[in-house]
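Residue-level structural notes
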Amino acid sequence: MERTHEAGYYAHGTLAERWERAQLFFAARDYAGAARVLDGLVEEVPEQTGPRLLLARSYYHSAQLRRAEAQLRLVVERDPVEHYARLMLGRTLERQGRKEEARTHLRIAAAFAGDFEQD
């Protein structure tokens, strides 16, 4: 019974109210709580990048790296020039010890930001 009540809390309210609640959880460094709210929100508005990026960041900060990676790959697939998603994907891959794969995304993110390597 507790589980059902808890799920209702995270899913309660309008999209805007849940977005605000997720941001509050994130700001309070309750990344798992933010992810619980955002998970349902992203399901309802899968085309919106903001909630998906915050979900990925919540997963990243709560050490759910595979989940963060999956969300970031969806963002990059939809919008290949999304600079922040590339940066976060690179950092997520680095944190998983996948440095070569990370390097590609970090270089692309740096290029989008105008940070070119000097020869």
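Residues numbered from 1 in each chain as written. Predicted model: local features only at pLDDT ≥ 70, side-chain atom pairs only at ≥ 80, totals over all residues. Heavy atoms only, no water.

**Let's talk about the packing of aromatic side chains**
Taken as a whole, this structure holds one aromatic pair when the rule is applied. For the pair Phe26 and Tyr31, a centre-to-centre distance of 5.0 Å together with 65° between the ring planes defines the contact as edge-to-face. Look at Phe26 and you get buried, because its relative accessible area is 13%. One Lys or Arg, Arg95, reaches over the ring of Tyr60 and ends 4.7 Å from the middle of that ring. (Phe/Tyr/Trp six-rings, centres within 6.5 Å; stacked < 30°, edge-to-face > 60°. Buried < 20%, exposed > 50% of the residue type's maximum accessible area, 1.4 Å probe, protein only. Lys NZ or Arg CZ within 6 Å of the ring centre and 35° of its normal.)

**Some thoughts on the environment of Arg103**
Within the secondary structure layout, Arg103 lies in helix H7 (residues 99-113). Among the residues examined, Arg103 registers a relative accessible area of 35% and is labelled partly exposed. A sequence separation of twelve residues divides Arg103 from Arg91, and the C-alpha atoms of the two residues are 9.0 Å apart. (Helix = DSSP H or I, 4+ residues; strand = E, 2+ residues; numbered from the N terminus.)

**With respect to the pattern of salt bridges**
Under the counting rule described, the total for this entry stands at seven salt bridges. Among the salt bridges present, the one from Arg18 reaches Glu44, with a minimum N-O distance of 2.8 Å. Of this pair, Arg18 sits in helix H2 (residues 15-27) while Glu44 sits in helix H3 (residues 31-44), and the two are 26 residues apart along the sequence. Under the relative-accessibility criterion, Arg18 is labelled buried at 4%. Given the relative accessible area of 46%, Glu44 is considered partly exposed. (Salt bridge = Lys/Arg side-chain N within 4 Å of Asp/Glu carboxyl O.)

**Some details on the packing of helix H6 (residues 83-95) against H7**
Two numbers describe how H6 lies on H7: the axes approach to 8 Å, and their chain directions differ by 155°. As the angle between them shows, H6 and H7 are arranged roughly antiparallel. Regarding H6 and H7, the two cross each other, and that crossing is left-handed. In contact with His83, Arg86, Leu87, Leu89, Gly90, Arg91, Leu93 and Glu94 of H6, H7 contributes Lys99, Glu101, Ala102, His105, Leu106, Ile108, Ala109, Phe112 and Ala113. Of the residues in the contact of H6 with H7, the class split is nine nonpolar, three polar and five charged. (Axes fitted to C-alpha atoms, helices over the stretch in contact; angles between N-to-C directions. Parallel < 35°, antiparallel > 145°, perpendicular 65-115°, else oblique. Left-handed = near helix turned anticlockwise from the far one by under 90°. Contact = heavy atoms within 4.5 Å. Nonpolar A, V, L, I, M, F, W, Y, C, P; charged D, E, K, R; others polar.)

**Remarks on the nonpolar core**
Residues Leu38, Leu55, Leu72 and Ala85 are the most contacted members of the largest nonpolar core, which totals 27 residues. Only H2, H3, helix H4 (49-61), helix H5 (65-78) and H6 provide two or more residues apiece to this core. Looking at which element gives the most residues to this core, the answer is H3, with seven residues. Discounting chain neighbours no more than four positions away, the residues touching Leu72 are Leu53, Ala56, Ala85, Met88, Leu89 and Thr92. (Core = buried A, V, L, I, M, F, W, Y, C linked by side-chain atoms within 4.5 Å.)

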